[in-house]
Amino acid sequence: MPSGRPGRVPITTRLTYGWLGLVVATAIVGPWLPIPSWDTVYDDALGVGPFTQGHVLGTDGNGYDLLLGLIDGARLSVFIAVVAVGLGGLIGGALGIAAAYVRGRADTAITMAFNVVLSVPNLVLALALVAVFATNADVTEAVAPWRRIVTLVVSLTIVIIPILGRIARGSALAWTSREFVLAAQTMGMRTRDIVWRHVVPNVMPAMIAVGFLAVGVVIIAEASLSILGVGVPDGASWGSMIARGRNDLDYYPHVVLVPVVVLALTVICTNHVGDLIRARLDRREARI
């Protein structure tokens, strides 16, 4: 039986908000913290385990402190996830709402494009795009890190567009048939005003709910691409930390386990927030 006073926030939800707040705060203020750089080498502490004096989470075989790496890696991991989901939601939402409101051939064409992109596994599509656009003709020439990151963001954005686009289209189809939208059309209100005042505000909650789930998808995709060797280079993100430490798994398992746990907790928390928003949205729509 549930306990406590009505409306009390469950401990799991509070922990979720606390963890995500910590991750976001670390990503924002991490570069200005008075701590050494993540690539500082500790020659006297190679591969030491967690809770070693001076190294709370230990170091890897190269002498890099894992806590410093996680703090610095949060910046890129969160940046890539938020930008990719933000751009994907903006573009996909616009296309989905347009398809639902205009309908006809435009709806058919946009829906078909979404289905074509969704028919390709997300990781395979992102891997193909990064491999094509973030490589040089001369294999001996290194790819600039900024080019790899930009290509990665664009690739993951393309993956997210049809996911959020279909959510926007489905939600917009439901709202455009509501009485207040039909009444606005009957009164001669301009299409742009109807969309901005009545459709977009009601579609946004559903997109935000799925957007949190998409953040988890992007974080995992970025980590997977890094492990495959086409993600963020040089251990500058959580995924690339895992990629850098996978060869030392037999000798220093904590080198991989620590960033995996942090990544998993972040994805679990984003999924939990998405589920909470979806539950509130369902209750809201049931009252309308």
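Look up: the structure comes first, before these words.
Bear in mind that the values here come from a model prediction, so they are computed numbers and not experimental data.

Q: Please provide a residue-by-residue account of the nonpolar core, values included.
A: Ranked by internal contacts, the top residues of the largest apolar core, which has 56 residues, are Ile97, Leu156, Val203, Val218 and Trp238. The set of elements that each furnish at least two residues to this core consists of α1 (11–29), α2 (66–102), α4 (122–133), α5 (145–176), α6 (179–186), α7 (191–227), α8 (238–245) and α9 (254–287). With 14 residues, α7 is the largest single contributor of residues to this core. Beyond its immediate stretch of four places on either side in the chain, Trp238 contacts Val23, Leu70, Gly73, Ala74, Ser77, Pro259, Val262, Leu263 and Thr266.

Q: Which residues make up the layout of surface pockets, and what are the values?
A: The computed volume of the largest pocket comes to approximately 690 Å³. Lining the largest pocket we find 30 residues, and of these Val85, Gly89, Leu90, Met204 and Met207 sit closest to its centre. Within the residue set of the lining of the largest pocket, elements represented by two or more residues are α1, α2, α7 and α9. Of the residues in the lining of the largest pocket, the class split is 24 nonpolar, six polar and no charged. Space inside the second largest pocket adds up to approximately 180 Å³. Contributing to the lining of the second largest pocket are Trp19, Leu22, Val23, Thr26, Leu57, Leu67, Leu70, Ile71, Ala74, Trp238 and Val262. Mapped by element, the contributors of at least two residues to the lining of the second largest pocket are α1 and α2. Residues of the lining of the second largest pocket, tallied by class, amount to ten nonpolar, one polar and no charged.

Q: Residue-level account of the side chain of Thr266, with values.
A: For Thr266, the location among the structural elements is in helix α9. Non-local contacts of Thr266, meaning those with residues more than four positions away in its chain, are made with Trp19, Leu20, Val23, Ile219 and Trp238.

What counts, and at which threshold
- Along every chain, residues carry numbers that run from 1 in the direction the sequence is written.
- Local features in this predicted model are restricted to residues whose pLDDT is 70 or higher, and side-chain atom pairs enter the listing and the counts only when it is 80 or higher, whereas totals over whole chains, interfaces and linings include all residues.
- No hydrogens and no water enter the side-chain calculation; it runs on all heavy atoms of the structure.
- Only buried Ala, Val, Leu, Ile, Met, Phe, Trp, Tyr and Cys residues count toward a nonpolar core, and they belong to the same one when joined by side-chain atoms within 4.5 Å.
- Exposure is judged per residue with a 1.4 Å probe applied to protein chains only, and the accessible area is read against the type maximum: over 50% gives exposed, under 20% gives buried, and values in between give partly exposed.
- The secondary structure listing takes helices from DSSP runs of H or I that are at least 4 residues long and strands from runs of E that are at least 2 residues long, numbered from the N terminus.
- Throughout, a contact is declared for two residues whenever any of their heavy atoms are within 4.5 Å.
- A pocket, in this scheme, is an open set of points on a 1 Å grid over the protein atoms alone with protein on both sides within 12 Å along at least 5 of 7 lines, while a cavity is a set where a 1.4 Å probe fits but cannot get out; residues line either one if an atom lies within 4 Å of a point.
- Grid points are joined across faces, edges and corners, and a volume is the space filled by probe spheres set on the points.
- Each residue is assigned to one class: nonpolar for Ala, Val, Leu, Ile, Met, Phe, Trp, Tyr, Cys and Pro, charged for Asp, Glu, Lys and Arg, and polar for all the others, Gly among them.

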